[in-house]
Amino acid sequence: PPPQAAYQVIGIPVGDYLNVRDGAGSDYQVVTKLEPGEQGILLGTKRVVKGGTTWQQITAHGQTGWVNAAYIGLETEAPTSPTESSTAP
């Protein structure tokens, strides 16, 4: 199968975090927290709309949970150059 697109945390101020919950809603228990800009988030197969909020099932660090979909976005492809991390003349 083709590799899944990876997502990252967006719209969360530095010093705050995105709650990953046990279910689709703010009344569910927090199972883990993601830092602003954190990457490597994979989307699950479920998406639920409750009121004005869309909850997306995700997997991050091997743990599955739910987040407000407004706070995750596709990872941007950052250009990487072999000379960035080396001291080539």
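Residues numbered from 1 in each chain as written. Predicted model: local features only at pLDDT ≥ 70, side-chain atom pairs only at ≥ 80, totals over all residues. Heavy atoms only, no water.

### Observations regarding the overall build of the protein chain
On a plain count of helices and strands, the protein chain comes out with zero helices and seven strands. Along the chain direction, N to C, the helices and strands of the protein chain fall in the order β-β-β-β-β-β-β. By the burial criterion, 26% of the 89 residues in the protein chain qualify as buried. On the protein chain, roughly 6000 Å² of surface is accessible, and the fraction owed to carbon and sulfur atoms is 52%. (Helix = DSSP H or I, 4+ residues; strand = E, 2+ residues; numbered from the N terminus. Buried < 20%, exposed > 50% of the residue type's maximum accessible area, 1.4 Å probe, protein only. Areas by Shrake-Rupley, 256 points an atom, 1.4 Å probe, with all protein chains shown as cover.)

### Points about the environment of Val14
With respect to the secondary-structure elements, Val14 resides in the loop between strand 1 (6–9) and strand 2 (18–21). Residue Val14 is classed as exposed on the basis of its relative accessible area, which comes to 83%.

### Section: the side chain of Glu38
With respect to the helices and strands, Glu38 occurs in the loop between strand 3 (30–34) and strand 4 (41–50). The buried charged residue Glu38 lacks any salt bridge partner; its closest oppositely charged side chain belongs to Lys33, at an N-O distance of 12 Å. Of note is the side chain of Glu38, whose polar atom sits 2.2 Å from the side chain of His61. Ignoring sequence-local partners within four residues, the contact set of Glu38 consists of Tyr7, Gln8, Val9 and His61. (Lys, Arg positive; Asp, Glu negative; His and termini not counted. Salt bridge = Lys/Arg side-chain N within 4 Å of Asp/Glu carboxyl O. Polar contact = N/O pair within 3.5 Å; in protein donor to acceptor, adjacent residues only side chain to side chain. Contact = heavy atoms within 4.5 Å.)

### Focus on unusual backbone geometry
Residues apart from glycine generally show negative phi values, whereas peptide bonds are mostly found in trans. Its identity is not glycine, yet His61 carries a phi of approximately 55°, on the positive side. Residue class for His61 comes out exposed when judged on its relative accessible area of 61%.

### With respect to the confidence of the model for the protein chain
Confidence in the prediction of the protein chain, expressed as mean pLDDT, is 87, and 82% of residues score 70 or more. For the stretch residues 79–88, pLDDT sits under 50, and the model shows one contact to residues farther than four places along the chain or on other chains. (pLDDT = per-residue confidence, 0-100.)

### Some words on the side chain of Gln56
Within the element layout of this structure, Gln56 appears in strand 5 (residues 53–60). Given a relative accessible area of 3%, Gln56 falls into the buried group. In terms of polar contacts, Gln56 uses its side chain to reach the backbone carbonyl oxygen of Gly44, at 3.3 Å. Contacts of Gln56, omitting those with residues within four sequence positions, involve Leu43, Gly44, Lys46, Arg47, Gly65, Trp66, Val67, Ala69 and Ile72.

### A closer look at the nonpolar core
Formed by Val9, Ile12, Leu18, Val20, Leu34, Ile41, Ile58, Ala60, Val67 and Ile72, the largest nonpolar core amounts to ten residues. Secondary structure elements with two or more residues in this core: strand 2 and strand 5. When residues no more than four places from it in sequence are discounted, the contact partners of Ile12 are Tyr17, Leu18, Pro36 and Tyr71. (Core = buried A, V, L, I, M, F, W, Y, C linked by side-chain atoms within 4.5 Å.)

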